[in-house]
Amino acid sequence: MRDSMRHYAAATVLAVLFAAIGTPLSAFNDPDAEGESQRLAKVTYYDDSAWLTMVLAAGSFEGPAGGASPTARIKSEMGGPKTYFILAGAGSELKIGNARPRFRFSADQATAQRVQLALFEVKDEVRRTPIEIGKGGTMFNRGVELEVTKVRDGVFEARPKKSLQPGEYALVTSEADPAADFTIVARGY
């Protein structure tokens, strides 16, 4: 009885506090509430004449404990097993000849701030890149600096700050979300 009274009292205090600041309690569990991230969606790239839609690829990850535990991170830094984000296939179907491609995507502000451009290596007919999964999100360790600007509400544009070398890349937000993958090829392909 005492425990249930304490829980009731704590819930009442929280409800009063949230009412005082004007935030409904349900907003903290609602994934569509403002401030919550959503997936990267409707990604396009500019091919020097038009905006073309990119197909998003589902990825997977492999490694010790998802890389989230401090022990797994320490072992990884000391040459132990690493956690990787994996894309199927040795290369993307999308080939881009422009070394500084432009991308547009639909997202909220929080998702736009999480977008990263990851460089992949090819091993055993799959593309992979090392990641660290933590409480603050996923860090793609072989990332390339991006300039992300707001075009209009819900639409952002991303472009690498420097020219990309030929290789496998993807716009990514986390290990659980789809990736917009592409291959940078040398001019004249």
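Note that this is a predicted model, so its numbers are computed, not measured.

### Considering the pairing of strand β13 (residues 167-172)
With five of six residues buried, β13 lies mostly within the body of the structure. Summarising the sheet, strand β7 (residues 116-123) and β13 pair through five bridges and their orientation is antiparallel. Bridge pairing in β13 places Leu119 opposite Tyr169. Pairing analysis gives five bridges linking β13 to strand β14 (residues 180-184), with the strands arranged antiparallel. Residue pairing across strands places Glu168 opposite Thr183, the latter belonging to β14.

### A closer look at the pattern of salt bridges
A side chain of one charge can pair with a side chain of the opposite charge when the charged atoms of the two come close. Using the criterion set out here, one finds nine salt bridges in the structure. The salt bridge partner of Glu157 is Arg102, with a shortest N-O separation of 2.9 Å. Of this pair, Glu157 sits in strand β12 (residues 155-160) while Arg102 is found in the loop between β5 (95-96) and β6 (103-106), placing the two residues 55 residues apart along the sequence. A salt bridge links Arg114 to Asp177, with the nearest nitrogen and oxygen atoms 3.3 Å apart.

### Side note on the sheet that holds β6
One open sheet accounts for five strands, arranged β2-β1-β6-β12-β11; its pairing is antiparallel. Each of the sheet's edge strands pairs with one partner strand only, and the pair in question is β2 (51-53) and β11 (146-152). This sheet shows a mean twist of 30° between the axes of neighbouring strands, independent of strand direction. Relative to β2, strand β1 (residues 41-46) runs antiparallel, the two sharing three bridges. Bridge pairing in β2 links Thr44 to Thr53.

### Details of the nonpolar core
The biggest cluster of nonpolar side chains holds 21 residues, and the ones touching the most others in it are Met54, Phe105, Leu171 and Phe182. Every element with two or more residues in this core is listed here: β1, β6, β12, β13 and β14. Looking at which element gives the most residues to this core, the answer is β14, with three residues. Leave out the neighbours within four places in its chain, and Met54 touches Val43, Thr44, Tyr45, Leu94, Phe103, Ala180, Asp181 and Phe182.

### A few points about the side chain of Asp181
Following the sequence through the fold, Asp181 ends up in strand β14. Judged by its relative accessible area of 9%, Asp181 is buried. Each residue touching Asp181, except ones within four places of it in the same chain, is listed here: Met54, Val55, Ala57, Leu87, Ser92, Leu94, Arg127, Tyr169 and Ala170.

### Quick word on the environment of Val126
Among the secondary structure elements, Val126 is positioned in strand β8 (residues 126-134). Val126 gets classed as partly exposed once you look at its relative accessible area, which sits at 25%. Measuring from C-alpha to C-alpha, the distance between Val126 and Ile86 comes to 6.8 Å, with 40 residues separating the pair along the chain.

### Some words on the confidence of the model for the chain
Per-chain confidence: the chain averages 79 in pLDDT, with 69% of residues scoring 70 or above. In the predicted structure, residues 3-37 sits below a pLDDT of 50 and forms 16 contacts with residues beyond four places in sequence or in another chain.

### A word on the packing of aromatic side chains
What the rule picks out here adds up to six aromatic pairs. Here the aromatic rings of Phe103 and Phe182 are separated by 5.0 Å at their centres, their planes lie at 40°, and the arrangement is tilted. One end of the pair, Phe103, is in strand β6; the other, Phe182, is in strand β14, with 79 residues separating them in the sequence. Residue Phe182 is classed as buried on the basis of its relative accessible area of 0%. Considering the side-chain rings of Phe105 and Phe156, the 6.0 Å spacing of their centres and the 20° angle between planes classify their relative orientation as stacked. Here Phe105 is found in strand β6, whereas its partner Phe156 is found in strand β12, with 51 residues between them in sequence. The buried category is assigned to Phe105, whose relative accessible area is 1%. According to the relative accessible area criterion, Phe156 is buried, its value standing at 4%. Pairwise contacts between aromatic rings join Phe85, Phe120 and Phe140 into one cluster. The ring of Tyr46 carries Arg102 above its face, with NZ or CZ at 5.0 Å from the centroid.

Conventions we followed
Residues numbered from 1 in each chain as written. Predicted model: local features only at pLDDT ≥ 70, side-chain atom pairs only at ≥ 80, totals over all residues. Heavy atoms only, no water. Buried < 20%, exposed > 50% of the residue type's maximum accessible area, 1.4 Å probe, protein only. Helix = DSSP H or I, 4+ residues; strand = E, 2+ residues; numbered from the N terminus. Pairing = 2+ DSSP bridges. Salt bridge = Lys/Arg side-chain N within 4 Å of Asp/Glu carboxyl O. Axes fitted to C-alpha atoms, helices over the stretch in contact; angles between N-to-C directions. Core = buried A, V, L, I, M, F, W, Y, C linked by side-chain atoms within 4.5 Å. Contact = heavy atoms within 4.5 Å. pLDDT = per-residue confidence, 0-100. Phe/Tyr/Trp six-rings, centres within 6.5 Å; stacked < 30°, edge-to-face > 60°. Lys NZ or Arg CZ within 6 Å of the ring centre and 35° of its normal.

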